[in-house]
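Structural characterization, general
Here is what each chain is made of, one letter per residue.
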Amino acid sequence: MAIQPVVRVQREDFDLQAEIDRLTDGRRDIGAVVTFSGLCRDEGGALGALELEHYPGMAEAEITRIAKLAIERFELLGLTAIHRYGKIAPGENIVLVIAAAPHRQAAFDGANFVMDFLKTSAPFWKKEHGKDGTQGDWVSAKDADDAARAKWAGNK
């Protein structure tokens, strides 16, 4: 039976421990759980909020596609990917990836793979809102994100 990832795109916050418990409850085959939780940073005190927009339906479909690739490639036993949208204040959660596997390396690689592809492939847009009330431009993709994704092409 194929492992199905849990994928959610939501405005509300998530509870990291509750999500780990949901993925691992009653499981005895999981030997490693790796979590990545991305938070909104304040950019040296200048950022008041980060506004995240997404393409509804397409964002979930792309994250699901990425998650299924990770499950297959790293033989994961479970995977959760949650991404928030809306205005998010510094210190608040933005994204959560949980990868469960029999061994640690597969869990680390699976979580890393999902984040590298999520940053470059999922249709999300970010706009910075300054603490002083100014609105920034929509944030451009970073070359470092593309480079992080590219490393997986040669790493099978």
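Notes on the structure in this doc start here. Because the structure is predicted, anything quoted here is derived from the model rather than measured. (Residues numbered from 1 in each chain as written. Predicted model: local features only at pLDDT ≥ 70, side-chain atom pairs only at ≥ 80, totals over all residues. Heavy atoms only, no water.)

Once that is clear, we can look at the sheet that holds strand 2 (residues 32–39). Within a beta sheet, neighbouring strands are joined by backbone hydrogen bonds and run either parallel or antiparallel to one another. Reading across from one edge, 1-4-6-2 is the order of the 4 strands in this open sheet, with mixed pairing throughout. Each edge of the open sheet carries a strand with a single partner, namely strand 1 (6–10) and strand 2. Averaged over all pairs of adjacent strands, the angle between their axes in this sheet comes to 5 degrees, without regard to strand direction. Sheet topology note: the strand 1/strand 4 (residues 78–84) ladder contains 5 bridges and is parallel. Paired with arginine 8 across the strands is isoleucine 82, a residue of strand 4. Of the strands in this sheet, strand 1 and strand 4 are in contact with helix 2 (residues 58–74), which crosses strand 1 at around 150 degrees. Along the sheet, helix 3 (residues 104–121) contacts strand 2, strand 4 and strand 6 (93–101); its crossing angle with strand 6, the most-contacted strand, is approximately 145 degrees. (Pairing = 2+ DSSP bridges. Helix = DSSP H or I, 4+ residues; strand = E, 2+ residues; numbered from the N terminus. Axes fitted to C-alpha atoms, helices over the stretch in contact; angles between N-to-C directions. Contact = heavy atoms within 4.5 Å.)

These figures capture arrangement, not role.
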